[in-house]
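What follows is each chain in one-letter form.
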Amino acid sequence: MTVSLEVAEGVGTLRLDRPPMNALDVATQDRIKELAEEATRREDVRAVVIYGGEKVFAAGADIKEMQVMDHAAMVVRARALQDSFTAVARIPKPVVAAVTGYALGGGCELALCADYRIAADNAKFGQPEILLGLIPGAGGTQRLSRLIGPSRAKDLIFTGRQVKADEALALGLVDRVVPAAEAYEAAHAWAARLAQGPAIALRAAKESIDAGLETDLETGLAIERNWFAGLFATEDRERGMRSFVEEGPGKAKFL
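About the criteria used
- Residues numbered from 1 in each chain as written.
- Predicted model: local features only at pLDDT ≥ 70, side-chain atom pairs only at ≥ 80, totals over all residues.
- Heavy atoms only, no water.
- Axes fitted to C-alpha atoms, helices over the stretch in contact; angles between N-to-C directions.
- Helix = DSSP H or I, 4+ residues; strand = E, 2+ residues; numbered from the N terminus.
- Left-handed = near helix turned anticlockwise from the far one by under 90°.
- Contact = heavy atoms within 4.5 Å.
- Phe/Tyr/Trp six-rings, centres within 6.5 Å; stacked < 30°, edge-to-face > 60°.
- Parallel < 35°, antiparallel > 145°, perpendicular 65-115°, else oblique.
- Nonpolar A, V, L, I, M, F, W, Y, C, P; charged D, E, K, R; others polar.
- Pairing = 2+ DSSP bridges.
- Polar contact = N/O pair within 3.5 Å; in protein donor to acceptor, adjacent residues only side chain to side chain.
- Salt bridge = Lys/Arg side-chain N within 4 Å of Asp/Glu carboxyl O.
- Buried < 20%, exposed > 50% of the residue type's maximum accessible area, 1.4 Å probe, protein only.
- Patch = residues over 30% accessible without salt bridge, like charges linked within 9 Å, V, L, I, M, F, W, Y side chains within 5 Å.
- Areas by Shrake-Rupley, 256 points an atom, 1.4 Å probe, with all protein chains shown as cover.
- Arc of directions from axis to C-beta.

*Asks:* Explain the packing of helix α1 (residues 26–41) against helix α3 (residues 71–89) to me, please; I cannot follow it from the model alone.
*Replies:* Geometry of a packed helix pair, given as the angle between the helix axes and the separation of the axes. Between α1 and α3, the least distance of the axes is 8 Å, while the angle of their chain directions is 40°. Crossing hand, α1 versus α3: left-handed. Across from Val 26, Gln 29, Asp 30, Ile 32, Lys 33, Ala 36 and Glu 37 in α1, the residues of α3 making contact are Arg 77, Leu 81, Asp 83, Ser 84, Ala 87 and Val 88.

Quick look at the structure:
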């Protein structure tokens, strides 16, 4: 299979494996959606790492496959393409991308679906679709502009240029840069820490932030208020507050 989901100690690793460049063909896109939905359902998956391997994250779509598609075919496929990536973005658990090597086009768009991005020092990001006479079609025009701002996103999308890890960090496109050999380990550690946390509260935090960004402040505050009050019905809230009172802050165990 071109994508797998491996689960250990609460962390699910969504691993791309389509050598040599992890090109995101239709079958791979569909498999990403299938496994993202599986990670959403599985109770033993409490956090997710997206990883392409030691050499490359994903160098974009399969251009040879796309070249033979006409307008009618892409009208049908474009929604399925977006849906596969949106399934990753909607995993209601912490998601981190461990990016090594190239994350271009669809690869960059996949990384954008994570909550947090850790880049190897050899990583390169870009949305080069304009060089093919296209624009990003898997969420790049929307998620990139929301993450780094419209003018910076336009620079990358209009020019199609690639940025190295240090510039990606300065732009806010990634959150940490580590030596290449440590990228997966660092991402897994981030996920493993959160996998020990209160699952419903983490879901509430993620959905409040993501939904709130898509609406006005007043509606966003209502979303937050409803989740906040709802958490008072959870066992994790009882456990967390009891631990705080009896043992002090930061000592609650949620598993």
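That shown, we press on.
*Asks:* What is the right way to read the packing of aromatic side chains from this model?
*Replies:* Any aromatic ring pair is given by two values, namely how distant the centres are and how the planes are angled relative to each other. The full count for this structure, using the stated rule, is 3 aromatic pairs. The interplanar angle of 5° and the centroid separation of 5.0 Å between the aromatic rings of Tyr 116 and Trp 190 together place this pair among those described as stacked. Of this pair, Tyr 116 sits in strand β6 (residues 116–120) while Trp 190 is found in helix α8 (residues 183–195), placing the two residues 74 residues apart along the sequence.

*Asks:* Looking at this model, I keep getting lost on the packing of helix α5 (residues 140–148) against helix α6 (residues 150–159). Mind explaining?
*Replies:* Contact pair α5 / α6: the axes reach a minimum separation of 7 Å and the direction vectors enclose 135°. Judged by the angle between their axes, α5 and α6 are oblique. The handedness of the crossing between α5 and α6 comes out as right-handed. In this structure, α5 contributes Gly 140, Thr 141, Leu 144, Ser 145 and Ile 148 to the contact, and α6 contributes Pro 150, Arg 152, Ala 153, Leu 156 and Ile 157. In terms of residue class, the contact of α5 with α6 is made up of 6 nonpolar, 3 polar and 1 charged.

*Asks:* Where do I start with the sheet that holds strand β7 (residues 124–126) in this structure?
*Replies:* Sheets are built from strands paired through backbone hydrogen bonds, the pairs being either parallel or antiparallel. Pairing in this open sheet of 3 strands is mixed, and the strands run β5-β7-β8 from one edge to the other. Taken across any chain shown, the strands that pair with only one partner, and hence form the sheet edges, are β5 (102–104) and β8 (162–164). Neighbour-to-neighbour, the strand axes of this sheet turn through a mean angle of 20°, independent of strand direction. Inspection of the sheet shows β7 paired to β8 by 3 bridges, in the antiparallel sense. When the bridges of β8 are listed, Lys 124 appears paired with Lys 164.

*Asks:* Help me understand the environment of Glu 65 in this model?
*Replies:* Relative to the helices and strands, Glu 65 is located in helix α2 (residues 63–67). Beyond its immediate stretch of four places on either side in the chain, Glu 65 contacts Asp 25 and Val 26. Within polar-contact distance, the side chain of Glu 65 engages the backbone nitrogen of Val 26 at 2.9 Å.

*Asks:* Hey, could you run me through the pairing of strand β1 (residues 3–8) in this one?
*Replies:* Side-chain positions along a regular strand alternate between the two faces of the sheet. Summarising the sheet, β1 and strand β2 (residues 11–16) pair through 6 bridges and their orientation is antiparallel. Note on β2: the bridge partner recorded for Ala 8 is Val 11. Count of turn residues in the β1/β2 antiparallel hairpin: 2 residues, of which Glu 9 carries a positive phi of about 55°.

*Asks:* Could you clarify how one ought to interpret the pattern of salt bridges in this entry?
*Replies:* Should the charged atoms of two oppositely charged side chains come close, the side chains can pair. The tally for this structure, following the rule as stated, stands at 15 salt bridges. As a salt-bridge pair, Asp 62 and Arg 18 come within 3.2 Å of each other at their nearest N and O atoms. Taken as a pair, Asp 62 in the loop between β3 (47–51) and α2 and Arg 18 in the loop between β2 and α1 lie far apart in primary sequence, 44 residues in all. Accessibility expressed as a relative area gives 15% for Asp 62, which makes it buried. Residues Arg 203 and Glu 207 are paired through a salt bridge, measuring 2.9 Å at the closest nitrogen-oxygen approach. Placement of both Arg 203 and Glu 207 in helix α9 (residues 199–213) is noted, with a separation of 4 residues, approximately one turn of the helix. The partly exposed category is assigned to Arg 203, whose relative accessible area is 38%. What emerges from the salt-bridge pattern is a single network uniting Arg 18, Asp 25 and Asp 62.

*Asks:* Quick question: what am I supposed to make of a nonpolar patch on the surface here?
*Replies:* A cluster of nonpolar side chains, namely Ile 63, Leu 132 and Leu 134, defines an oily patch on the protein surface of about 260 Å² accessible area. Relative to the elements of secondary structure, Leu 132 occurs in the loop between β7 and α5.

*Asks:* Please explain α6 as it appears in this structure.
*Replies:* Spacing of three or four residues puts side chains on the same side of an α-helix, whose turn is 3.6 residues. Within the sequence span of α6, burial applies to Ala 153, Leu 156 and Ile 157. Taken down its axis, α6 places every buried residue within 95° of arc, on the same side. Away from its buried face by more than 90 degrees, α6 exposes Ser 151 and Phe 158. Lining the buried residues of α6 we find α5, β8 and α7 (165–171). Looking at the residues trailing α6, positive phi occurs at Gly 160, about 70°.

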